[in-house]
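Tertiary structure, described
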Amino acid sequence: MTNPPSAPPGFTDHVFTSTSGTELAVRVWPAENPDVRNTPFVVWTHGGGWFGGFHFAPLPWMSPGFRRRGYHLISHNYRLAPQARIDDQLKDCIEAVSWARANLPAILGPEKVDVDRYVLCGESAGGHLATLMALHLTPPPKAVIDMYGVVDFLSMPAFGPIDQQPNRENEGPWEGRFSEQELNILLRDRDPKNVLTDALAWDEFKRLSEAELSMIWATDFRFTNRVLMQAELHMMHSLSSSADGLKIGIMHEEEFKNKEEFMAFVRSMSPLRVLEQRVTERKQGRGLFPPTAFLHGTGDVVVPIQQSYSMANLLKHAGVPVGEFYEEGAPHVFDLKYTGAEVPGWNQFIEPMLKFVDTHVGHHIK
């Protein structure tokens with residue numbers, strides 16, 4: 001498995017207290033051209049299956065891709081499941097964007113940033129949250145980049161026929177530092193005092209030391225029992241291994257009065273379903289949703305590419321500009337290989353996606 005990306009130099013770290021009372025963190029990288037005025041900015045929302053992930057280091061292509069084009073880049077964290085429900089995560093993400101619009105002029109200089117020209121970008125769970133945010137933010141983003149994100153939970157295996165749902169019992173005995181019983185107790189933990197806002201994306205603790213990971217992420221990161229338990233929870237109840245991970249750990253199914261109420265919540269967390277409803281209400285065209293680029297591998301077995309196909313088709317039929325960049329045979333999180341323009345595939349997938357964003361942001365590279 002590829003090691004996690006490294007944090008590009010030149011950032012500043014910031015913390016704010018959200019309305020939930022939880023401290024959330026933001027990293028800010030200024031555009032590489034310091035003379036640019038009224039520069040747009042990109043908000044990156046990390047993935048990690050809603051249980052894991054970190055804001056310390058954006059995907060490798062984002063800094064050379066956006067900052068060299070004259071965009072400021074920010075990353076942010078959010079409360080992770082199982083203590084935080086998926087709509088709590090949405091609220092945190094929206095607050096992070098609002099914080100950025102309010103505070104970037106002071107951080108970067110009042111004439112250095114246009115707070116109304118911003119882009120939402122996220123991968124996997126972050127792609128889901130980015131598309132969901134775009135339905136709620138005012139003013140809306142000028143563009144959205146959804147990288148292999150879930151946009152319709154109802155068409156995922158966890159909500160399919162019972163005999164086709166991912167089930168831990170079919171995965172064989174669990175082998176890890178923590179027992180299956182301990183992890184299942186954590187899956188149902190709703191105590192906000194136990195919440196994490198940054199975590200391992202998967203099994204980095206098996207491949208890297210604390211010192212190595214701290215150096216890569218430019219922060220002091222520790223493999224506490226809580227951090228390690230969170231990593232194993234994610235691995236045991238990942239999207240492709242356990243329907244309980246999504247229904248119980250991420251969506252808190254037990255908090256709803258009945259199945260109908262729960263399924264209404266699931267629909268409200270599915271950007272495709274929300275947009276379908278808006279289309280039936282005859283709300284079409286550019287006001288329906290921001291121009292959206294999709295980056296996805298056709299070999300993705302975690303989030304099927306049909307998720308992107310369906311959302312892209314709906315938007316196109318509604319008159320929303322769409323860019324589609326699908327890499328044949330590529331798996332989930334395939335874009336870590338794109339570290340610069342010299343990498344084969346950059347000019348086929350990354351560069352045209354960036355140009356799509358430029359067009360709809362109204363940004364011209366000097």
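About the criteria used
Residues numbered from 1 in each chain as written. Predicted model: local features only at pLDDT ≥ 70, side-chain atom pairs only at ≥ 80, totals over all residues. Heavy atoms only, no water. Buried < 20%, exposed > 50% of the residue type's maximum accessible area, 1.4 Å probe, protein only. Helix = DSSP H or I, 4+ residues; strand = E, 2+ residues; numbered from the N terminus. Pairing = 2+ DSSP bridges. Right-handed = clockwise from strand over helix to strand, strands pointing away. UniProt positions renumbered as here; feature names shortened; annotations may be inferred. Axes fitted to C-alpha atoms, helices over the stretch in contact; angles between N-to-C directions. Parallel < 35°, antiparallel > 145°, perpendicular 65-115°, else oblique. Contact = heavy atoms within 4.5 Å. Nonpolar A, V, L, I, M, F, W, Y, C, P; charged D, E, K, R; others polar. Polar contact = N/O pair within 3.5 Å; in protein donor to acceptor, adjacent residues only side chain to side chain.

1. A few points about the pairing of strand S3 (residues 39-45)
- In terms of burial, S3 is largely enclosed, as 7 of its 7 residues are buried.
- Two strands pair when backbone bridges link them, and S3 and strand S5 (residues 113-123) are joined in this way by 6 bridges, in the parallel orientation. Each bridged residue has a counterpart across the sheet, and for tryptophan 44 the counterpart in S5 is cysteine 121.
- Pairing of S3 with strand S4 (residues 72-76), which is carried by 5 bridges, proceeds in the parallel orientation. If you follow threonine 45 over to S4, its bridge partner there is histidine 76.

2. Some points on the pairing of S5
- The buried fraction of S5 is high, at 9 of 11 residues.
- Note: S5 against strand S6 (residues 143-147), 5 bridges, orientation parallel. For leucine 120, the partnering residue across the bridge sits in S6 and is valine 144.
- You can see the chain leave S5, run along helix H3 (residues 125-133) and come back into S6, and the turn it takes is right-handed.

3. Side note on the UniProt feature "domain: BD-FAE-like" (unreviewed entry) in the protein
- As recorded in UniProt, the feature "domain: BD-FAE-like" (unreviewed entry) lies at residues 37-161.
- With 30% helix and 22% strand, the stretch residues 37-161 has end C-alpha atoms that lie 54 Å from each other.

4. As for the packing of helix H4 (residues 180-187) against helix H7 (residues 225-236)
- In contact at an axis separation of 10 Å, H4 and H7 are set at 90 degrees when each is read in the N-to-C sense. One element, H4, and the other, H7, form an angle in the roughly perpendicular class. Contact residues: Glu180, Glu182, Leu183, Asn184, Leu186 and Leu187 in H4; Arg226, Met229, Gln230, Glu232, Leu233 and Met236 in H7.
- Grouping the amino acids of the contact of H4 with H7 by side-chain chemistry returns 6 nonpolar, 2 polar and 4 charged.

5. Focus on the side chain of threonine 22
- Looking at where threonine 22 falls in the secondary structure, it is placed in the loop between strand S1 (12-17) and strand S2 (23-29).
- In this structure threonine 22 comes out as buried when scored by relative accessible area, which is 17%.
- A polar side-chain atom of threonine 22 sits 3.2 Å from a polar atom in the side chain of serine 20.
- Discounting residues that sit within four places of it in the chain, threonine 22 has contacts with Phe16, Thr17, Arg79 and Thr197.

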